[in-house]
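# Structural overview for review
Now for the letters of each chain:
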Amino acid sequence: MNTKINPPRYPRDFAGHGATPPNADWPNGARIAVQFVLNYEEGGENCLLHGDTASEAFLSEIVGAAPWVGQRHWNMESIYDYGARAGFWRLHRLFTGANVPVTVYGVASALARSPDQVEAMQSANWEIASHGLKWIDYKDHTPEAEAADIAEAIRLHTEVTGERPRGWYTGRCSVNTVALAAAQRLDYISDTYDDDLPYWVQIDGRDQLIIPYTLDCNDMRFATPQGFNSGDQFYAYLKDTFDALYAEGQAGQAKMMSIGLHCRLIGRPGRVRALKRFVEYIQGFEGVWTPRRIEIAEHWVANHPPAPKSIVASQLPRAEFLAHFGGIFEHSEWIADRAFDLELGPAHDSVAGVHSVLCRMFRSASDAERLGVLNAHPDLAGKLAAAKRLTAESTAEQASAGLDALTDDERAAFSDMNTTYVAKHGFPFIIAVKDHDKAGILRAFERRIGSDTATEFTEACKQVERIARLRLEALL
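This text gives an overview of the structure that appears in the document. This is a predicted model, so every value here is computed, not measured.

## Re the overall build of the chain
Helix and strand counts for the chain stand at 17 helices and nine strands. Its C-alpha radius of gyration of 30 Å places the chain more than 25% over the 23 Å reference for a compact globule of 476 residues. C-alpha atoms of the chain, sized along the principal axes, occupy 90 × 50 × 40 Å. Within the chain, the proportion of its 476 residues that are buried is 50%. Total accessible area on the chain stands at roughly 22,100 Å², and carbon and sulfur atoms take up 51% of it. Taken together, the 48 basic and 63 acidic charged side chains of the chain have centroids lying 2 Å from each other.

## Structural notes on the packing of aromatic side chains
Under the counting rule described, the total for this entry stands at 33 aromatic pairs. Judged by centre distance (6.0 Å) and plane angle (50°), the ring pair of Trp 26 and Trp 300 falls under tilted. Taken as a pair, Trp 26 in the segment before β1 (32-40) and Trp 300 in helix α8 (residues 293-303) lie far apart in primary sequence, 274 residues in all. Judged by centre distance (6.0 Å) and plane angle (80°), the rings of Tyr 421 and Phe 445 are edge-to-face. One end of the pair, Tyr 421, is in helix α15 (residues 408-425); the other, Phe 445, is in helix α16 (residues 438-449), with 24 residues separating them in the sequence. Grouping aromatic residues by their ring pairs yields a cluster made of Phe 36, Tyr 40, Phe 88, Trp 89, Phe 95, Trp 126, Tyr 235, Phe 242, Tyr 246, Phe 278, Tyr 281 and Phe 285.

## Structural notes on helix α9 (residues 318-325)
Among all positions of α9, only Arg 318, Phe 321, Leu 322 and Phe 325 are buried. Along the axis of α9, the buried positions cluster into a sector of 95°, meaning they face one direction only. Turned more than 90 degrees off the buried face of α9, the exposed positions are Ala 319 and Ala 323. If you follow the buried residues of α9, they end up packed against α10 (333-340), α11 (351-363) and α17 (453-475).

## Remarks on the pattern of salt bridges
Scanning all chains against the criterion turns up 21 salt bridges. The closest approach of N and O atoms between Glu 152 and Arg 155, which form a salt bridge, is 2.8 Å. You can see Glu 152 and its partner Arg 155 sitting in helix α4 (residues 143-161), three residues apart, about one turn around the helix. Given a relative accessible area of 28%, Glu 152 falls into the partly exposed group. By relative accessible area, which is 41% here, Arg 155 ends up partly exposed. Across the salt bridge formed by Glu 456 and Arg 448, the nearest N and O atoms sit 2.6 Å from each other. Comparing Glu 456 with Arg 448 shows no difference in burial state: the two are buried. Each of Glu 41, Glu 42 and Arg 264 takes part in a single network of salt bridges with overlapping partners.

## As for the nonpolar core
Phe 36, Tyr 40, Phe 95, Met 257, Leu 261, Leu 275 and Phe 278 are the most contacted members of the largest nonpolar core, which totals 49 residues. Breaking this core down by element, the ones donating at least two residues are β1, α1 (74-97), α2 (108-112), α3 (115-123), α6 (231-250), β8 (255-262) and α7 (269-282). In terms of residues, this core owes the most to one element, α1, which gives seven residues. When near neighbours in sequence (up to four residues on either side) are disregarded, Leu 261 contacts Phe 36, Val 37, Leu 38, Asn 39, Phe 95, Tyr 213, Asp 219, Phe 234, Ile 266 and Leu 275. Ile 311, Phe 329, Val 354 and Leu 470 belong to the second largest nonpolar core, which has 46 residues in total.

## Structural notes on the pairing of strand β2 (residues 103-106)
Taken residue by residue, a regular strand's side chains alternate between the two faces of the sheet. Burial along β2 is two-sided: the face carrying Thr 103 and Tyr 105 and the face carrying Val 104 and Gly 106 are both buried. Pairing analysis gives four bridges linking β1 to β2, with the strands arranged parallel. Residue pairing for β2: Asn 39 is matched across the bridge by Tyr 105. Bridge count between β2 and strand β3 (residues 127-130): four bridges; the pairing is parallel. Across the sheet, the residue bridging to Tyr 105 is Ala 129, located in β3.

Analysis parameters
- Residues numbered from 1 in each chain as written.
- Predicted model: local features only at pLDDT ≥ 70, side-chain atom pairs only at ≥ 80, totals over all residues.
- Heavy atoms only, no water.
- Helix = DSSP H or I, 4+ residues; strand = E, 2+ residues; numbered from the N terminus.
- Rg over C-alpha atoms; globule rule 2.2 N^0.38 Å.
- Buried < 20%, exposed > 50% of the residue type's maximum accessible area, 1.4 Å probe, protein only.
- Areas by Shrake-Rupley, 256 points an atom, 1.4 Å probe, with all protein chains shown as cover.
- Lys, Arg positive; Asp, Glu negative; His and termini not counted.
- Charge placed at Lys NZ, Arg CZ, Asp CG, Glu CD.
- Phe/Tyr/Trp six-rings, centres within 6.5 Å; stacked < 30°, edge-to-face > 60°.
- Arc of directions from axis to C-beta.
- Contact = heavy atoms within 4.5 Å.
- Salt bridge = Lys/Arg side-chain N within 4 Å of Asp/Glu carboxyl O.
- Core = buried A, V, L, I, M, F, W, Y, C linked by side-chain atoms within 4.5 Å.
- Pairing = 2+ DSSP bridges.

These figures come from the coordinates and say nothing about function on their own.
In structure tokens:
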């Protein structure tokens, strides 16, 4: 019995939708979904009045500000107050005037301190998603403390707005945030920046929809050392992003463009006209959908539901991993056993991923071990085939090229070449028969008999890897 401990797995996903992402199939054939997010944080930021130990230091006109421990920062508070008092209403007029709905990321404690703004959001039929309890950093919170704040945020949000939030974005999150938010059974979570389309993840056995957000198409870059210095720069970046994604949509790969906004930043008169120009720009195109985030979620659930995988390689225990992949390299389970101990993760839950780790172990094996793999392969149309003692995979592969229906002359030719080849090289002739017809196999056989053994050993190993790939494609 194999008593090896299952190794930990690598959680980050570098695969995503892959080389050919799905067409989003947005409503009415839209070529792009442009989604505006308005972060409402004013009154939820770090402040002694809010029970915090220091003042806010993030995303304001005071670039490079430091928290004032034990003191109120009057200038910082005043800058945040501008967002609620003036910036919000300027943006409210812009979007309602353009008939473009938005999603508000509302900090629950900020919403509670802004009843007029909440009423205006709801009158405009804007979605109010949760932006957490307070606009603070959760990287050092314990999971229990963060979970308690998430639960209280949802409770307070529901109390203030009359509706439970359906979407979530913490922003200054921890490594635990997405899993903790998923436990609240929300329609979507946006605490990722890793794609141009929504996607599904499995968290605690449940499918959770992720709608990625953005930090590049975001007015926060007005308040960072490397960012936008003028509205023209912001407009140009949004326009270039839109143009690139719109072209992909025209080519049949429609995407989503998220735009992050803050009342105290883009709400300034010297910047808001850049946003207005962009809204007017995209309204000059056909096939532009400007939904709220919840409408993207509803569309994705209806048109791109989670597709269950029958085999998720990185999540299998060792015994099941070996059961599925131990025979991919002919009679060489040790390759899969070694591969199981590698750093497997979501990127390996595919044909290419499993093939990669199996081939790595085959390539790093000793020459003697690799020779053993070659010798584990049967002769083509040889004695094992005649005796019906091939593995199921080899039987099917040889049959696919017609090697199970040879004439007497063909069988004799294969037998003679098998004998000559093994006598010269010390291992059987190996070729991925699915890549060839019978005549092509015979030509390759005749050519390769004349190769020197070192060259042929390299070629045979490549063919073994190719056979493994074809077997995985049939399996996965």
